[in-house]
Amino acid sequence: MSLDHPPTLSLTEEARRQVEICNACRYCEGYCSVFPAITRERAFADGDITQLANLCHNCRGCYYACQYTEPHEFALNLPAVLAEVRVDGWERFAWPGALARVFQTSGVSLAAALVVGIAALFWAISALTPTDGEGFYAYLSHAAMVAIFAPAFLFPLAVIAVGLRRYWSEVGGTRITGGDLKAALGDAARLKNLSGGAAKGCNYEEGDRYTQARRHAHHAVMYGFLLCFASTSSGTLLHYGFGMEAPYGLFSLPKLFGIPGGILLTLGAVSLAWLKTKADRALGAPSVWGGEMAFVGLLGATGATGLMLYAATGTALVAPLLALHLGTVLAFFLTTPYSKMVHGFYRLAALIRDAQIRTR
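The rules we used
Each chain carries its own residue numbering, running from 1 in the direction its sequence is written. Restriction of local features to residues with pLDDT of at least 70 applies here, the model being predicted, together with a cutoff of 80 or more for giving and counting side-chain atom pairs; totals for whole chains, interfaces and linings are based on all residues. For side-chain calculations, the full set of non-hydrogen atoms in the structure is used, while hydrogens and water are omitted. Any residue under 20% of the maximum accessible area for its type is buried, any over 50% is exposed, and the rest in between are partly exposed; the area is computed with a 1.4 Å probe on protein chains only. The helix and strand labels rest on DSSP assignments: H or I over at least four residues marks a helix, E over at least two residues marks a strand, and numbering proceeds from the N terminus. Contact criterion: two residues are considered in contact whenever any of their non-hydrogen atoms come within 4.5 Å of each other. Grouping buried Ala, Val, Leu, Ile, Met, Phe, Trp, Tyr and Cys residues that are joined through side-chain atoms within 4.5 Å yields what is termed a nonpolar core. UniProt positions are given in the numbering used here, feature names are shortened, and annotations may be inferred rather than shown by experiment. By the criterion applied in these results, polar contacts are pairs of N or O atoms within 3.5 Å in which, for protein atoms, one can donate a hydrogen and the other can accept it, and in which residues neighboring in sequence qualify only through two side-chain atoms. Two rings belonging to Phe, Tyr or Trp (six-membered ring only in the last case) form a pair when the distance between their centres is within 6.5 Å. Interplanar angles under 30 degrees mark stacking, angles over 60 mark edge-to-face geometry, and anything in between is tilted. Throughout, the protein atoms alone are placed on a 1 Å grid, and a set of points is a cavity if a 1.4 Å probe fits but cannot get out or a pocket if it is open with protein on both sides within 12 Å along at least five of seven lines; lining residues have an atom within 4 Å of a point. Grid points are joined across faces, edges and corners, and a volume is the space filled by probe spheres set on the points. For this scheme, ten residues count as nonpolar: Ala, Val, Leu, Ile, Met, Phe, Trp, Tyr, Cys and Pro. Four count as charged, namely Asp, Glu, Lys and Arg, and the remainder, Gly too, count as polar.

Looking up the chain in an unreviewed UniProt entry gives the name Tricarballylate utilization 4Fe-4S protein TcuB, with the organism given as Gymnodinialimonas phycosphaerae.

Right, dumping it as structure tokens:
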């Protein structure tokens, strides 16, 4: 075999090459959870590379600390290769995988899904107008909302469960204990791996300078989303458990959760989009930049339209804003297994698996 031309490596093989160099160097051992995980192994199977890729939060600290990046002949770019492995895995694990390829890479496709979702809700509100009801239910009955959103919520969850099962099998996951779950949820709640390991933050938008901006924006989005989910869940509980139907007052649980949740979700999404425009695309997965930016926009639109709908209470704008908000939520739900949203599920699974390995 001629050595004049180096062999072309597959994506996983290239990631393995870089990880093995990192394991020999170990300069970044004190960084995020990826590097302690690397040092625990001597050889890396494909599943190990998949696990490391999902443990990586693309904070990029290792890239700016590395002495083997280009122009060195090793040409390491670990954040980028792990980002590509992540995207490839999410496509392979999704069912059907073709939809993941479309919505991860094409922001236009995600925008088209949003347009279809909004159009569907405008149609539903015009064609299924109830004869009575208060608040939102004067424009679309509770039964119609349940008929639309119950399958739109449950089917994506089933698809994600299939993907997570495939992931768990590939990375060699075992039975999950309460301790595994507690450790993983603790790391996720603090977004520990966006601290860069030294609690200084990411090297995401300012090159070799540490900042906490990305971590704070992610916190706003994550807790904003959870508060919005708590708002919807508490409304469902009040409706079915206590016979208390919407509309709810300002000091009710749905509003106390929903208003700050919508504000955090909107501001966090705007911040993430701004940071994304400043970050170096070559340290991530450039092929999915458009899809990721469209997803961040969809998240922000979900929060913003909810706030606008609340502000329009009692006015003639309720009907169109209700269609706008519900259509946005519908597009968000249906594309969740195939958009960047799915990263939260896989990252949590990776943290659980990491907790298992650390305690074995």
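Next, the rest of the story.
A.B. asks: What is the right way to look at helix α3 (residues 46–55) in this model?
C.D. replies: Helical periodicity: at 3.6 residues per turn, an α-helix aligns residues three or four positions apart in one direction. Of all the ten residues making up α3, eight are buried; the element is thus mostly covered by neighbouring parts of the structure. Among all positions of α3, only Gly47, Ile49, Thr50, Gln51, Leu52, Ala53, Asn54 and Leu55 are buried. Where the residues of α3 are buried, they touch α1 (11–25), α2 (34–39), α5 (78–93), α8 (142–170) and α14 (343–358).

A.B. asks: Where do I start with the nonpolar core in this structure?
C.D. replies: Here is a general trend for soluble globular proteins: nonpolar side chains tend to be buried in one another's company. Counting 36 residues, the largest nonpolar core has Val34, Phe35, Ile38, Leu78 and Tyr167 as the members making the most contacts within it. Counting 25 residues, the second largest nonpolar core, distinct from the first, contains Ala94, Ala113, Val296 and Met341.

A.B. asks: Mind showing me how you'd approach the UniProt feature "transmembrane region" (unreviewed entry) in the chain here?
C.D. replies: According to UniProt, the "transmembrane region" (unreviewed entry) feature falls on residues 102–125, 137–164, 220–242, 257–275, 287–311 and 317–338. Taken end to end, residues 102–125 has its terminal C-alpha atoms 29 Å apart, with 96% of it in helix and 0% in strand. Secondary structure over residues 137–164 splits into 82% helix and 0% strand, and the C-alpha atoms at its two ends are 36 Å apart.

A.B. asks: Please clarify how the side chain of Thr266 should be interpreted in this entry.
C.D. replies: Looking at where Thr266 falls in the secondary structure, it is placed in helix α11 (residues 253–278). On the accessibility criterion, Thr266 (16% relative accessible area) is buried. Engagement of the side chain of Thr266 in a polar contact is seen with the backbone nitrogen of Ala304, the distance being 3.1 Å. With near-sequence residues (within four places) excluded, Thr266 lies in contact with Gly300, Gly303, Ala304 and Leu307.

A.B. asks: Explanation requested: the packing of aromatic side chains in the structure shown.
C.D. replies: How two aromatic rings sit relative to each other is given by the distance of their centres and the angle of their planes. On inspection of all chains with the given rule, the structure shows twelve aromatic pairs. With a centroid separation of 6.4 Å and 75° between ring planes, the pair formed by Tyr31 and Phe35 is classed as edge-to-face. In this structure, Tyr31 and Phe35 share a single accessibility class: buried. Look at Tyr167 and Tyr346: their rings are 5.6 Å apart centre to centre, the planes differ by 65°, and that puts the pair in the edge-to-face class. In this pair, Tyr167 sits in helix α8 while Tyr346 sits in helix α14, placing the two residues 179 residues apart along the sequence. Site record: aromatic cluster; members linked through ring pairs are Phe149, Phe153, Phe225, Phe229, Phe332 and Phe333.

A.B. asks: Sorry, what's going on with empty space enclosed by the protein here?
C.D. replies: Picture a little ball the size of a water molecule; that probe, rolled over the atoms, points out where space is still empty. Applying the stated criterion to the full structure yields four cavities of 30 Å³ or more. Together, 18 residues line the largest cavity, and Cys22, Cys28, Cys62, Cys66 and Leu76 are the ones closest to its centre. Secondary-structure elements contributing two or more residues to the lining of the largest cavity are α1, α4 (61–65) and α5. Residue composition of the lining of the largest cavity, grouped by class: 14 nonpolar, three polar and one charged.

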